[in-house]
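# Chains, contacts and geometry: an overview
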Amino acid sequence: MPAAQAGERLPDHRLRRLTGYALRLAYHRLKNEASRVLEGFGLRTRTFSALAIICDTPGLRQTQLAEVLHMERSNTVTLVDALERGGLVQRRQVPEDRRSYALRATAEGRRVCAAATAALEAQEDAALAGLSPEERRLLLGLLAKVDGG
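Residues numbered from 1 in each chain as written. Predicted model: local features only at pLDDT ≥ 70, side-chain atom pairs only at ≥ 80, totals over all residues. Heavy atoms only, no water.

Another point: the packing of helix H4 (residues 62–69) against helix H5 (residues 73–85). At a minimum axis distance of 9 Å, the contact between H4 and H5 shows a crossing angle of 105 degrees. When the axes of H4 and H5 are compared, the pair comes out roughly perpendicular. For the pair H4 and H5, contact is made by Gln62, Thr63, Leu65, Ala66 and Leu69 and by Arg73, Thr76, Val77, Leu79 and Val80, respectively. (Axes fitted to C-alpha atoms, helices over the stretch in contact; angles between N-to-C directions. Helix = DSSP H or I, 4+ residues; strand = E, 2+ residues; numbered from the N terminus. Parallel < 35°, antiparallel > 145°, perpendicular 65-115°, else oblique. Contact = heavy atoms within 4.5 Å.)

What follows is the structure, encoded as structure tokens:
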């Protein structure tokens, strides 16, 4: 087979038969579009994820956030620092454990989270327009099975 010309798409048929590769392609498309949407809110995908979890779980501790996000604790501290600087979350020392901090979203954090969630849902609706509502439910269900959740 001759080498591909500049700008020509290289064949990846063998790889497209692999679920992991297909998931990676879909992930990158959705993540890139989500990053563009979240940029308008001053967020990245990781900071949005953290903010959403904090909004849904008032009083969550930083160590719990690290577990949910599958992140190192030190990286989570940096993430929470950014959210706190942006006025989106507050840290409060846990009285019974002065080494721990409980996290709460501010009113602004809840507002930004709700608006960003709506924008992401609209972006996903557009990206997944070729799927019926039943296919989307099936896709999410299958992904949850693969994830073990």
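Across the sheet, three strands lie side by side as E1-E3-E2; this open sheet has antiparallel pairing. Both edges of this open sheet fall to strand E1 (60–61) and strand E2 (89–94), since each of them pairs with a single strand only. Bridge count for E2 against strand E3 (residues 97–105) is six bridges, and the pairing is antiparallel. Across the sheet, arginine 92 pairs through a bridge with alanine 102, a residue of E3. Contacting E1, E2 and E3, helix H3 (residues 45–56) runs over the sheet at an angle of about 95 degrees to E3. Along the sheet, H5 makes contact with E2 and E3, crossing E2 at roughly 125 degrees. (Pairing = 2+ DSSP bridges.)

Looking now at the pattern of salt bridges. A side chain with one charge can pair with a side chain of the opposite charge if their charged atoms come near. Counted by the stated rule, this structure contains eight salt bridges. Aspartate 125 is the salt-bridge partner of arginine 136, the closest N and O atoms lying 2.8 Å from each other. Residue arginine 136 is located in helix H7 (residues 133–147), and its partner aspartate 125 is located in helix H6 (residues 107–127); the two are separated by 11 residues in the primary sequence. The class for arginine 136 is partly exposed, based on a relative accessible area of 22%. Assessed through its relative accessible area of 43%, aspartate 125 is described here as partly exposed. Taken together, the shared-partner salt bridges in this structure form one network comprising Asp81, Glu84 and Arg91. (Salt bridge = Lys/Arg side-chain N within 4 Å of Asp/Glu carboxyl O. Buried < 20%, exposed > 50% of the residue type's maximum accessible area, 1.4 Å probe, protein only.)

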